[in-house]
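Working through the structure, step by step
Take a look at the letters that make up each chain.
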Amino acid sequence: MSREWFNQARFGMFIHWGVYSIPARGEWVRLIERIPSSEYERLAWEFKPERYNPEEWVTLAEEAGMRYMVLTTRHHDGFSLFDSAVSDFTASKTGAKRDLIAEFVEACRKRGMKFGFYYSLLDWRYAAYFKGPEKDFEGWAGFIEYVHSQVRELCTNYGKVDVLWYDGGWPWDAAAWRSTELNAMVRSLQPHILINNRSGLQEDFETPEQRIAASQEPKRLWETCMTMNDNWGYSAADRNWKSARQLIHNLARCASGAGNYLLNVGPQADGTIPQPSVRCLKEIGAWMRVNGEAIYGSERCPFGGGMIGLTTAKGNLVYLHILRWPGREATISCVKNRVLSARLLTTGQEVQVAQDGDRVSLRGLPNRPLDPYDCVVALELDGKPEAFRYDRHVP
């Protein structure tokens, strides 16, 4: 089922790439700097990504432990990376002379990587978008036909697509975008596709941005998307990189809420991913090779990680992610189960367990953490994890 792979994946790569990578000041440069259309559209003829090799992108995603990839097919600036019959502002009809999405799809399929298409509903080139359906009824109708046509092309021309990731619906509602009709068409063409919640309809999964916010509905799919620095698209002067430790903690926090972490890279104009992103993703990948069992397919655990970290669960296993190392002994509470055993994922070493009612102490830990990012202890329980209320009276 389409939900099952998404629920197992937990970690994916988001990719923001387009002609905005040439000025290299982020993906909103056209609007923020009020660049005239004639000037901005000349960039499309300079956009010739001679080092674009999507197989290298897929390899990097695999090395990082990512299980799916989502690429911007068209961002708010209106430039399409795919061949479109309803637009001339596309990679295949300008400088690149290539359908860059087709190459991405082929690379993902070759390696068995799940993939999705990001598509911006808005397009800054259309005055009707700014005016809206009430002020420009005819212009809006033509604009909506263009949007629906492009989504149809994406769902028709590239075989099976795993995810459709809308963006840019503001300030108009689902009725204005004709989202019910649009998504019905998508599902008729792609019956197994997962659709996010940014077309004004709830659909399959929630997408908090730059923040981790687990769905309030326990069985509802959700995914936090986040940048590695301060921009989605490539910005040459943005050196505010998050550390691998920060990003691993974010990944663990998403997994603890049974959610996914979609971590962004912004390739340069030539198609290469900036080296700080590459180095960080490889660090995360090294951690995932040891600790991935605590992330992939994770479930919510009803008791937490106390004062030292957080928990993920899978069947009768609970993974204690120690983010703040306590020294030789660690304690968690509200555990209703009996803990049968414990081991450090880093080494496989058994850990002493002492249980007094709902309080579980792990003893004989190393003085210092064996993992500098997130040291995980796997606890085997006598059944699926259950918890006492943490705010009940303490005797």
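Below is a summary of the structure that appears in this document. (Residues numbered from 1 in each chain as written. Predicted model: local features only at pLDDT ≥ 70, side-chain atom pairs only at ≥ 80, totals over all residues. Heavy atoms only, no water.)

**Side note on the pairing of strand 7 (residues 221-226)**
Threshold: The classification of residues rests on relative accessible area computed with a 1.4 Å probe and restricted to protein chains. Under 20% of the type maximum is buried, over 50% is exposed, and intermediate values are partly exposed. Strands are runs of DSSP state E lasting at least two residues, helices are runs of H or I lasting at least four, and both sets are numbered from the N terminus onward. A pair of strands is considered paired only if DSSP assigns at least 2 bridges between the two.
Of all six residues making up strand 7, six are buried, and the element is well covered by its neighbours. Neither face of strand 7 is left uncovered, since the one carrying Leu-221, Glu-223 and Cys-225 and the one carrying Trp-222, Thr-224 and Met-226 both have all their residues buried. Pairing analysis gives two bridges linking strand 6 (residues 205-206) to strand 7, with the strands arranged parallel. In the strand pairing of strand 7, Glu-206 is matched with Trp-222. Relative to strand 8 (residues 260-265), strand 7 runs parallel, the two sharing four bridges. In the strand pairing of strand 8, Cys-225 is matched with Leu-262.

**Notes on unusual backbone geometry**
Here Trp-170 and Pro-171 are connected by a cis peptide whose omega angle stands at -10°. Along the chain, the position of Pro-171 falls in the loop between strand 4 (163-167) and helix 8 (174-177). Backbone geometry places Arg-10, a non-glycine residue, at a positive phi of 65°. Among the secondary structure elements, Arg-10 is positioned in the loop between helix 1 (2-9) and strand 1 (11-15). Here Arg-10 falls in the buried class, since its relative accessible area comes to 1%. Its identity as a non-glycine residue notwithstanding, Glu-203 has a phi of 50°, on the positive side. Note on placement: Glu-203 falls in the loop between strand 5 (194-195) and strand 6. On the accessibility criterion, Glu-203 (22% relative accessible area) is partly exposed.

**A short note on the sheet that holds strand 11 (residues 329-332)**
As a reminder of what qualifies: For helices, the fitted line uses only the C-alpha atoms of the stretch in contact; every axis is such a line through C-alpha atoms, and the angle between N-to-C directions lies from 0 to 180 degrees.
On the basis of which strands lie adjacent, the open sheet formed by three strands has the order 11-14-13 and antiparallel pairing. Edge positions in the open sheet fall to strand 11 and strand 13 (352-356), since each of these has one partner strand only. Here the strands of the sheet are splayed against their neighbours by 20° on average, with no regard to which way each runs. Examined bridge by bridge, strand 11 and strand 14 (residues 359-363) share four bridges and lie antiparallel to one another. Each residue of the ladder has a partner; that of Thr-331, found in strand 14, is Ser-361.

**Remarks on the packing of helix 4 (residues 54-64) against helix 11 (residues 275-291)**
This is how the line gets drawn: Each angle gets one of four labels, with under 35 degrees taken as roughly parallel, over 145 as roughly antiparallel, 65 to 115 as roughly perpendicular, and the rest as oblique. Should any heavy atoms of two residues lie within 4.5 Å, those residues are counted as being in contact. Residues are grouped as follows: Ala, Val, Leu, Ile, Met, Phe, Trp, Tyr, Cys and Pro are nonpolar; Asp, Glu, Lys and Arg are charged; all remaining types, including Gly, are polar.
Orientation of helix 4 relative to helix 11, taken along the N-to-C sense of each, is 40°, at an axis distance of 6 Å. Relative to helix 11, helix 4 is oriented oblique. The residues of helix 11 that touch helix 4, namely those facing Leu-60, Glu-63 and Ala-64, are Val-278, Leu-281, Lys-282, Ile-284, Gly-285, Met-288 and Arg-289. In terms of residue class, the contact of helix 4 with helix 11 is made up of six nonpolar, one polar and three charged.

**Overview of helix 4**
Our working rule: Of all possible arcs, the one meant is that of the directions from the helix axis to the C-beta atoms.
When helix 4 is considered as a whole, its buried residues turn out to be Pro-54, Trp-57, Val-58, Leu-60, Ala-61 and Ala-64. All buried residues of helix 4 project into a common sector of 160° when viewed along the axis, lining one side. Tucked into the core, helix 4 has its buried residues touching strand 1, strand 2 (68-74), helix 5 (100-111) and helix 11. In the stretch just after helix 4, Gly-65 is the one whose phi turns positive, near 90°.

**A short note on helix 9 (residues 179-189)**
Looking at helix 9, one finds that the buried residues are Ser-179, Leu-182, Asn-183, Met-185 and Val-186. Around the axis of helix 9, the buried residues are gathered within 155° of arc, so they sit on the same side. Of the residues in helix 9, the exposed ones pointing more than 90 degrees away from the buried face are Thr-180 and Ser-188. Close packing links the buried residues of helix 9 with helix 7 (137-156), strand 4, helix 8 and strand 5.

**A closer look at the packing of aromatic side chains**
How we decide: When two rings of Phe, Tyr or Trp (its six-membered ring) have centres within 6.5 Å they constitute a pair, described as stacked for plane angles under 30 degrees, edge-to-face for angles over 60, and tilted for the intermediate range. Geometrically, a lysine NZ or arginine CZ counts as sitting over a ring once it is within 6 Å of the ring centre and also within 35 degrees of the ring normal.
The full count for this structure, using the stated rule, is 29 aromatic pairs. Here Phe-6 and Phe-205 contribute two aromatic rings whose centre-to-centre distance is 5.0 Å and whose plane-to-plane angle is 40°, an arrangement assigned as tilted. Within this pair, whereas Phe-6 is found in helix 1, its partner Phe-205 is found in strand 6, the two being separated by 199 residues in sequence. For the pair Phe-6 and Phe-205, one class covers both residues: buried. Put simply, the rings of Tyr-126, Tyr-129, Phe-130, Trp-140, Phe-143, Tyr-146, Trp-172 and Trp-177 pair up and form one aromatic cluster. Over the face of the ring belonging to Tyr-296 we find Arg-67, whose NZ or CZ atom lies 3.5 Å from the ring centre.

**Observations concerning empty space enclosed by the protein**
How we decide: Only protein atoms enter the calculation, which uses a 1 Å grid: trapped sets of points that fit a 1.4 Å probe without letting it out are cavities, open sets showing protein on both sides within 12 Å along at least five of seven lines are pockets, and any residue with an atom within 4 Å of a point is a lining residue. Grid points are joined across faces, edges and corners, and a volume is the space filled by probe spheres set on the points.
The full count for this structure, using the stated rule, is one cavity of 30 Å³ or more. Taken as a whole, the largest cavity holds about 90 Å³ of empty space. Around the largest cavity, the lining comprises 14 residues; the ones closest to its centre are Asn-229, Asn-231, Trp-232, Trp-241 and Gly-266. For the lining of the largest cavity, the residue count by class is six nonpolar, eight polar and no charged.

**Observations concerning the sheet that holds strand 4**
Sheets are built from strands paired through backbone hydrogen bonds, the pairs being either parallel or antiparallel. Taken in spatial order, the eight strands line up as 5-4-3-2-1-8-7-6 in an open sheet, and their pairing is parallel. Pairing within the sheet leaves two strands with one partner each, and these edge strands are strand 5 and strand 6. Sheet strands touched by helix 5: strand 1, strand 2 and strand 3 (114-120). Its angle to strand 3, the strand with the most contacts, is close to 155°. The strands touched by helix 7 within the sheet are strand 2, strand 3 and strand 4, with strand 3 carrying the most contacts at an inclination of about 170°.

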